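Chains, contacts and geometry: an overview
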Amino acid sequence: NHNRKVFVFGRSMSDNVKQAQYMVDRTAYARQWFEREPFYLNMLLELTNRFPERGGIWLNSLAVDESLNQIITGKASGEQAVLDVVDNLKSSPLFENVKILYIRQAGKNTREETFAISFRYTREK
């Protein structure tokens, strides 16, 4: 009689499988930004090009939905910097429905403005 060792794959194996599947799913999702759907990178490049090279305005957040509607929020050294970026977005053939959601003073003792702008990326025409 040989002693047989039986390995029971318990919870730790299940956790490993879940973790591996999570990584596969994340990699597949990220891959679309580079291979199947490169327009995401083009969208980010176009948005970046609509901002001035030198400071004065910066983003805090970018939200994009499945229809490529976007909302950006950020801060600026003044209202004119926000208005200039809005004009730049409107001049792009790849953005439409550009709207200022708000521009307001960031605080009582500052000249900085906070802002939110919505628009839609139309992909390349």
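A brief structural summary. (Residues numbered from 1 in each chain as written. Predicted model: local features only at pLDDT ≥ 70, side-chain atom pairs only at ≥ 80, totals over all residues. Heavy atoms only, no water.)

Concerning the side chain of Ser 92
The topology assignment puts Ser 92 in the loop between α3 (79-91) and β3 (95-105). A polar side-chain atom of Ser 92 sits 2.6 Å from a polar atom in the side chain of Glu 46. A polar atom in the side chain of Ser 92 sits 3.1 Å from the backbone nitrogen of Leu 94. The residues touching Ser 92, leaving out its near neighbours within four places in the chain, are Glu 46 and Arg 50. (Helix = DSSP H or I, 4+ residues; strand = E, 2+ residues; numbered from the N terminus. Polar contact = N/O pair within 3.5 Å; in protein donor to acceptor, adjacent residues only side chain to side chain. Contact = heavy atoms within 4.5 Å.)

With respect to the sheet that holds strand β4 (residues 113-121)
Pairing between sheet strands relies on hydrogen bonds along the backbone, with the strands arranged either parallel or antiparallel. Taken together, four strands build an open sheet; the order of strands is β1-β2-β4-β3 and the sheet is antiparallel. One side of each edge strand has no neighbouring strand; the edge strands of this open sheet are β1 (57-64) and β3. Strand-to-strand twist across the sheet, computed as the mean angle between neighbouring axes with direction ignored, equals 20 degrees. Summarising the sheet, β3 and β4 pair through eight bridges and their orientation is antiparallel. When the sheet's bridge partners are listed, Gln 105 is paired in β4 with Glu 113. Running at roughly 175 degrees to β3, α3 makes contact with β1, β2 (69-76), β3 and β4 of the sheet. (Pairing = 2+ DSSP bridges. Axes fitted to C-alpha atoms, helices over the stretch in contact; angles between N-to-C directions.)

A word on α3
Here α3 is 13 residues long and its end C-alpha atoms lie 19 Å apart, about the 18 Å a rise of 1.5 Å per residue gives. Within the span of α3, buried status applies to Ala 81, Val 82, Val 85, Val 86 and Leu 89. End-on view of α3: buried residues confined to an arc of 140 degrees, all on one side of the axis. Those residues of α3 hidden inside the fold are in contact with α2 (39-49), β1, β2, β3 and β4. (Expected span 1.5 Å × (residues − 1). Buried < 20%, exposed > 50% of the residue type's maximum accessible area, 1.4 Å probe, protein only. Arc of directions from axis to C-beta.)

Considerations on the side chain of Thr 73
Positionally, Thr 73 belongs in strand β2. Among the polar contacts listed, one links the side chain of Thr 73 to the side chain of Ser 61, at a separation of 2.5 Å. Beyond its immediate sequence surroundings of up to four residues, Thr 73 is in contact with Trp 58, Leu 59, Asn 60, Ser 61, Tyr 102, Phe 115 and Ala 116.

Things to note about the packing of aromatic side chains
The tally for this structure, following the rule as stated, stands at two aromatic pairs. Geometrically, the ring pair formed by Phe 95 and Phe 119 is edge-to-face, given 5.0 Å between the ring centres and 75 degrees between the ring planes. You can see Phe 95 sitting in strand β3 and its partner Phe 119 sitting in strand β4, a full 24 residues away along the chain. Overall, Phe 95 belongs to the buried group, its relative accessible area being 5%. (Phe/Tyr/Trp six-rings, centres within 6.5 Å; stacked < 30°, edge-to-face > 60°.)

From the geometry alone we can't say anything about function, so treat these as descriptive.
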